[in-house]
Amino acid sequence: MGQARAFVVSALGLAGGTASTVALLTSELASNAVLHARTRFTITVERFADHVRVGVGDTDRGLPVFRGREASDLDSGRGLVVVHGLARRW
């Protein structure tokens with residue numbers, strides 16, 4: 001996931017706290033693609049005046065499952081909870 005994080009931060013030219021947040025979100029989404037979709041994935045990056053958009057896409061036909069509060073009791077599966085808490089939209 002390190003390459004995915006580095007790619008996004010570099011492509012956006014970010015630093016500081018914003019870079020850390022975007023890197024974490026990218027890592028969570030890329031990890032989901034590897035662990036759950038088990039397919040290759042792509043990353044798209046867009047920068048706007050007031051926000052950035054990072055997309056992670058895979059070829060699995062299933063949709064991610066947001067487990068909300070129930071994920072806090074699990075050993076894994078909290079990635080989308082992190083994304084939900086930090087991203088403006090997902």
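Reading guide: rules and limits
- Residues numbered from 1 in each chain as written.
- Predicted model: local features only at pLDDT ≥ 70, side-chain atom pairs only at ≥ 80, totals over all residues.
- Heavy atoms only, no water.
- Helix = DSSP H or I, 4+ residues; strand = E, 2+ residues; numbered from the N terminus.
- Rg over C-alpha atoms; globule rule 2.2 N^0.38 Å.
- Buried < 20%, exposed > 50% of the residue type's maximum accessible area, 1.4 Å probe, protein only.
- Contact = heavy atoms within 4.5 Å.
- Areas by Shrake-Rupley, 256 points an atom, 1.4 Å probe, with all protein chains shown as cover.
- Lys, Arg positive; Asp, Glu negative; His and termini not counted.
- Charge placed at Lys NZ, Arg CZ, Asp CG, Glu CD.
- Core = buried A, V, L, I, M, F, W, Y, C linked by side-chain atoms within 4.5 Å.
- Patch = residues over 30% accessible without salt bridge, like charges linked within 9 Å, V, L, I, M, F, W, Y side chains within 5 Å.
- Salt bridge = Lys/Arg side-chain N within 4 Å of Asp/Glu carboxyl O.
- Pairing = 2+ DSSP bridges.

Asker: Which parts of the structure should I look at to understand the overall build of the protein?
Answerer: A tally of regular secondary structure across the protein gives three helices and two strands. In sequence order, the secondary structure elements of the protein are arranged as α-α-β-β-α. Over its C-alpha atoms the protein spans a radius of gyration of 13 Å, differing by no more than 12% from the 12 Å that the globule rule assigns to 90 residues. Here the C-alpha coordinates of the protein stretch approximately 35 × 25 × 20 Å along the principal axes. When the 90 residues of the protein are sorted by exposure, 26% land in the buried category. Intrachain contacts of the protein at a sequence separation of at least 6 include 43% that bridge at least 24 residues. Total accessible area on the protein is roughly 6,500 Å²; 51% of this is exposed by carbon and sulfur atoms. Each charge sign in the protein was given a centre, from 11 positive and 8 negative side chains, and these centres are 4 Å apart.

Asker: Looking at this structure, I do not really get the nonpolar core. What am I missing?
Answerer: Inside soluble globular proteins, nonpolar side chains tend to come together where they are buried. With 10 residues, the main nonpolar core is built from A4, V8, V9, L12, L14, A19, V22, A23, A30 and I43. Looking at this core, the elements with two or more residues in it are α1 (2–12) and α2 (16–37). The residues touching A23, leaving out its near neighbours within four places in the chain, are R5 and V9.

Asker: Whenever I open this one, a nonpolar patch on the surface confuses me. Can you help?
Answerer: Judged by side-chain polarity, M1, V34 and L35 come together as a nonpolar surface patch covering roughly 250 Å² of accessible area. If you trace the backbone, V34 turns up in helix α2. Note on V34: relative accessible area 36%, which makes it partly exposed.

Asker: What am I meant to see in the pairing of strand β1 (residues 41–47) here?
Answerer: Across a regular strand the side chains alternate sides, sitting on one face of the sheet and then on the other. As paired elements, β1 and strand β2 (residues 52–58) share seven bridges and run antiparallel to each other. For V45, the partnering residue across the bridge sits in β2 and is V54. Here β1 hands over to β2 after four residues, the two strands then running antiparallel side by side.

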